[in-house]
Structures are given as structure tokens and as C-alpha cells.
Amino acid sequence: EKVQDPHSLTLWCSVNGVERQRGSTTDMLVKIPELIEVCSQVHALEEGDLILTGTPAGVGAVHPGDLLAGGIVELGEEIEFRVV
């Protein structure tokens, strides 16, 4: 699926079913094409790779056994996993 506007996406993260973070790519200080350009100069990027750049308010500790979930609202994409 193609993203219509990568600078207008809502991302979220929850821990054990409690939402801890929600932010928008509109708030990023560096735009996505520049991030891709810089990263691709030192790493071979492939389709499906994630570039993690920072975090909105709400960051906190996680512990083994915690269930983390996250997603992109506009794409209906979600992922979840347990901390080991």
C-alpha cells in the first residue's frame, strides 16, 4: 500500500494495553526524504525497513513480559510483541 502523504501519519504505542504515546509525522524536525537519504548513505535500506528517529512524550520503562503494541492509524497497520 502506498502512503499518500508521509508527513501526515499518526503513530501510536501502547504497553500492556495502555496507550503511552501518540504522535504525528507532521511534528518531525527532519523530513522523511532527508532521513532516507542520510541513512542510505551508511546502510543498505530495503523495502519494509524501519527508521526509528525519536519519540514523542510518554516514553517510559518496559520490563520482560510486557506487551508492546504500535501502529500507523491511517494505514490500519499494527504490530505487537512481548518484551524478553
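Here the structure is a predicted model, which is why all the values come from computation and not from measurement. (Residues numbered from 1 in each chain as written. Predicted model: local features only at pLDDT ≥ 70, side-chain atom pairs only at ≥ 80, totals over all residues. Heavy atoms only, no water.)

### Re the overall build of the chain
Along the chain, the regular secondary structure elements total 1 helix and 4 strands. Counting from the amino terminus, helix and strand elements in the chain follow one another as β-β-α-β-β. Structurally, the chain occupies a C-alpha span of about 35 × 25 × 25 Å along its principal axes. Looking at the chain as a whole, 18% of its 84 residues qualify as buried. For the chain, the proportion of contacts with a sequence separation of at least 24, taken over those separated by at least 6, is 46%. Distance from the positive charge centre (5 side chains) to the negative charge centre (14 side chains) of the chain: 6 Å. (Helix = DSSP H or I, 4+ residues; strand = E, 2+ residues; numbered from the N terminus. Buried < 20%, exposed > 50% of the residue type's maximum accessible area, 1.4 Å probe, protein only. Contact = heavy atoms within 4.5 Å. Lys, Arg positive; Asp, Glu negative; His and termini not counted. Charge placed at Lys NZ, Arg CZ, Asp CG, Glu CD.)

### Quick notes on the environment of Ser 24
Structurally, Ser 24 can be placed in strand β2 (residues 18-24). Linking Ser 24 and Ile 79, residues 55 residues apart in sequence, is a C-alpha distance of 18 Å. Residues within four places of Ser 24 in sequence aside, it is in contact with Leu 9 and Thr 10. In terms of polar contacts, Ser 24 uses its side chain to reach the backbone carbonyl oxygen of Leu 9, at 3.4 Å. Among the polar contacts made by the side chain of Ser 24, one reaches the side chain of Thr 26 at a distance of 2.9 Å. (Polar contact = N/O pair within 3.5 Å; in protein donor to acceptor, adjacent residues only side chain to side chain.)

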